[in-house]
Amino acid sequence: MSSSGPPFDIDADALSADEAGATVRALHNDLHRHARLYYVEAAPEISDAEYDRRFRLLQALEERFPDLASDDSPTQRVGAEPADSLETVQHVVPMLSLDSSEDPEALRKFDERLRKALGEGADIRYILEPKLDGASIELVYEDGVLVRAVTRGNGRAGEDVTANLRTVPSVPLRLNEEVRPSPRLLAVRGEVMMLISAFERFNAGLVADGKEPYASPRNSAAGAIRQLDSRLTAERELICLAYDVLAVEGTEFEHDRDGVAALRDWGFALPERIEVVDTADEVIAYHARFAADRDDLDYEIDGIVVKLDDLDMRGEVGSTSHHPRWAMALKFEPRKEVTKIEQIAISVGRTGILTPVALMRPVEVGGVTVSRASLHNREEVARKDIRDGDTVRIQRAGDVIPQVVERIEVEGEGRSRPFVMPTHCPSCGTEVYEDGPRTVCPNTFGCPAQLTGRLVHFGARNALDIEGLGEETAVLLVDRDLVTELAGLFDLEAEQLMDLPGFAEKSATALVAAVDRRRSTELARFLHGLGIPEVGQTVARDLARHFRTFEAIRAADDEALTAVHGIGERMSEAIRGFFANERVAAQLDAVASQMRELVPPPEQKAATDSPLSGKKFVFTGGLPTLARSEAKKLAESVGAKVTGSVSKATDYVVVGEDPGSKYDKAVDLGLEILDEDGFVALMKEAAEAETDAPEADPFTAEED
Ligand code: IVH
């Protein structure tokens, strides 16, 4: 085909059915080719306007002759009609995960193991790639046409997200056959990612709309590919890089590098800097180079992947049930940056706890701008000796949660006085009290900060999901006395909101309507939104499933509560204590009377696909970087339970510095023991599997 291509200077209405058929086929080839030149090779040959003109011609022809429309048409890129649900389908071959470590020593051990297993003279080569931090996906092609795209799910089966992946420009809808014929069947593994630049634009838009931003490009990409409406996926500007031939029929490869070359020929976009080397030293050098350059990329990578290049050798060393023995990931250390603390502020949360927060000169850590980090409590601040004006090193734990790692001594830099907690609540002026390392404001229902926190929590995406009720709005509502108790949210009128900063008639009416819509909601969301102590999303769902009405939960005694799977004595006590408090009860009556319908979950066992859902974790000893509360949050976010004591029923024991007797007991019982790195890796893996599983948690469904 000449580079100018056929002119396509055609009037869609003037063609016969036969002529239209031929033109549609020619347009397919033409548009596929130009899309590839643009998105994969970054070498466009025609202008955007010319592409659009040909695209519209194809649309017009498909409209006039509906029989000519097909799934591999370039017009499918814009998305299709929304689906009711995502179907679960089997993978062609299991999608394993990777063994990983941050320690170059582990790579040397890996290399030694392979050399031993394959024998002295084995000609070992490693193929090296960046480890892409996105959502992994299986793409299946039959006779060159994309027929299925499946999330990783639990590794054996995932969700059918074909319509969504068709909207991703770098996913070939049809293999390019100019260089190499299509095999009968091809299954490819790749990673769907959001470019960091696109992610920042997208998050800024969410914030402007009063919505919660995503924590990372990976979360956003994972959410995007699981949309029921593929038009929403199309809007999110995703890329897909392919790195592995999972299965192929009708052709054979001897080396991974041959598969990689074939993927390139067929028109896939690939990660950059794929290299083949033959020593562990070269692998480590490649890792170091990438670690130094990772910030220059517009997508997130979190390490490198090392694989045996020879496919026969792979077969020889085989796989465990989780991961191949012929590959491993060598991860990067969490990103660290240096910045200055402008001020240690006190934030009063919805539960009344005063938390010191470091407000810092904004700094970019791995593609995300960080300007504040929790300092947890007064003991933590004292331990790290952090003061206003200090220069500090910060990082993102698990590459997500910002943390102050340590203070850095800067010569000649004067220091301010040591930090002290205020004696009175900065929000309401009530005298605070100390509860262990915590400092607490006792004014539960009168304190504006606590009410603001409760409002935000109530309206959050994973609770009532009230669009437009973000932090800023909640602050305004409380500051201006428009809402003086939680239930007051439902009495708001558009006229009261119109004159608030950032509001106009349309947004005021929209917020009131959004609140009204949520008078009907899922019981589990409502329970979670109330902020009952100890009741996170998982427990809320368990309670809702078990008791089925709000009244039944409020009336439950200790025996009834502890009969619920996962609820122990301590939780039961906290829950009953909350409901028994008279002032709380009055607030709850008021809120409940505003609700129209609280829908219990369907009566079925939780079909949780998170591999860790229901698993019991125990922590002992101080973790090097994560606060206990953060670790607990991470565990609970993947459906795991955190308990206080070690028993046979414990699944994992996470051990930090100076562990207590729990550690000895765990060793005695032969339980699985993890350090912080192992724990974080496990959480990440589970989160990946979970973001891939729809039925895992009704709350993870987004923008539904
Ligand atoms: S190879 C069986 N190569 O990292 C080995 N995986 O737990 C197949 N990943 O979710 C994986 N970049 O999707 C491989 N260049 C790369 C990768 C990569 C990212 C993902 C993979 C999985 C996770 C490993």
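Counting from 1, residues in each chain are numbered in the order their sequence is written. It should be noted that, the model being predicted, local features are given only for residues of pLDDT at least 70 and side-chain atom pairs only at 80 or more, the latter also being counted only at that level, while totals for whole chains, interfaces and linings use all residues. Side-chain metrics rest on all non-hydrogen atoms present in the structure, leaving aside hydrogens and water.

Enquirer: I'd like a description of the overall build of the protein chain, backed by residues and values.
Expert: Only DSSP runs of H or I reaching four residues or more are called helices, and only runs of E reaching two or more are called strands; each is numbered from the N terminus. A count of helical and extended segments in the protein chain gives 24 helices and 24 strands. The C-alpha atoms of the protein chain give 28 Å as radius of gyration, which agrees with the globular expectation for 704 residues (27 Å, within 12%). Its C-alpha atoms put the protein chain at 80 × 70 × 60 Å along the principal axes. Counting only residues that meet the buried cut, the protein chain has 48% of its 704 residues in that class. Should any heavy atoms of two residues lie within 4.5 Å, those residues are counted as being in contact. Long-range contacts, defined as pairs at least 24 residues apart, comprise 70% of the intrachain contacts of the protein chain with a sequence gap of at least 6. Accessible surface, the protein chain: about 32300 Å² in total, of which carbon and sulfur atoms supply 48%. Measuring between centres, the 81 positive side-chain charges of the protein chain sit 3 Å from its 129 negative side-chain charges. Using C-alpha atoms as the atom set, the radius of gyration is obtained and then compared with a globule rule of 2.2 Å times the number of residues to the power 0.38. For every residue, the accessible area (1.4 Å probe, protein chains only) is compared with the maximum for its type, and the residue is labelled buried under 20%, exposed over 50%, or partly exposed between those bounds. Accessibility throughout is a Shrake-Rupley quantity obtained with a 1.4 Å probe, and a residue counts as covered only by protein chains that appear here. Under this rule, positive means Lys or Arg and negative means Asp or Glu; His and the chain ends count for nothing. In plain terms, the charge of a residue is placed at NZ if it is Lys, CZ if Arg, CG if Asp and CD if Glu.

Enquirer: Run through the pattern of salt bridges, naming residues and quoting values.
Expert: What counts as a salt bridge is simple: a side-chain nitrogen of Lys or Arg found within 4 Å of a carboxyl oxygen of Asp or Glu. Evaluation of the coordinates by the stated rule reveals 45 salt bridges. Here Arg415 ties to Asp390 by a salt bridge, and the two come within 2.6 Å at their closest N and O atoms. Of this pair, Arg415 sits in the loop between β16 (401-408) and β17 (433-435) while Asp390 sits in the loop between α11 (378-384) and β15 (391-397), and the two are 25 residues apart along the sequence.

Enquirer: Requested: an account of the pairing of strand β7 (residues 185-194), with residues and values cited.
Expert: Along a regular strand, successive side chains alternate from one face of the sheet to the other. Of all the 10 residues making up β7, 10 are buried; the element is thus mostly covered by neighbouring parts of the structure. In β7, alternate side chains face the same way, and those of Leu185, Ala187, Arg189, Glu191 and Met193 on one face and Leu186, Val188, Gly190, Val192 and Met194 on the other are all buried. At least two DSSP bridges between two strands are needed for those strands to be called paired. As defined by bridge partners, strand β4 (residues 135-142) adjoins β7 across eight bridges and the pair is classed as antiparallel. When the sheet's bridge partners are listed, Ala135 is paired in β7 with Val192.

Enquirer: Residues and numbers for the site of the ligand, please.
Expert: Whether a residue is near a molecule or strand is decided by its heavy atoms; if any one of them lies within 4 Å of it, the residue is near. Around the ligand, 15 residues are found, and the nearest of them are Glu129, Leu132, Ser136, Glu191 and Tyr243. In protein, a polar contact means a hydrogen-donor-capable atom and an acceptor-capable atom, both N or O and within 3.5 Å, with residues adjacent in sequence counting only if both atoms are side-chain atoms; elsewhere, any N or O pair within 3.5 Å suffices. Between the ligand and the protein, one listed contact pairs a nitrogen atom with a backbone N or O atom of Pro130 at 3.1 Å. Within the contact set of the ligand, an oxygen atom lies 2.9 Å away from a side-chain nitrogen or oxygen of Glu191. Protein coverage of the free-state accessible area of the ligand, which is 530 Å², stands at 97%. Elements supplying a minimum of two residues to the shell around the ligand: β3 (126-132), β7 and β10 (301-308). Of all the elements, β3 adds the most residues to the shell around the ligand, at four residues. Residues are grouped as follows: Ala, Val, Leu, Ile, Met, Phe, Trp, Tyr, Cys and Pro are nonpolar; Asp, Glu, Lys and Arg are charged; every other residue, Gly included, is polar. Tallied by class, residues from the shell around the ligand come to seven nonpolar, two polar and six charged.

Enquirer: Quick one: what's the story with the environment of Thr538, residue by residue and with numbers?
Expert: Mapped onto the elements, Thr538 comes out in helix α17 (residues 537-547). A C-alpha to C-alpha distance of 8.7 Å links Thr538 and His528, two positions 10 residues apart in sequence. Leave out the neighbours within four places in its chain, and Thr538 touches Glu636, Gly639 and Lys641.

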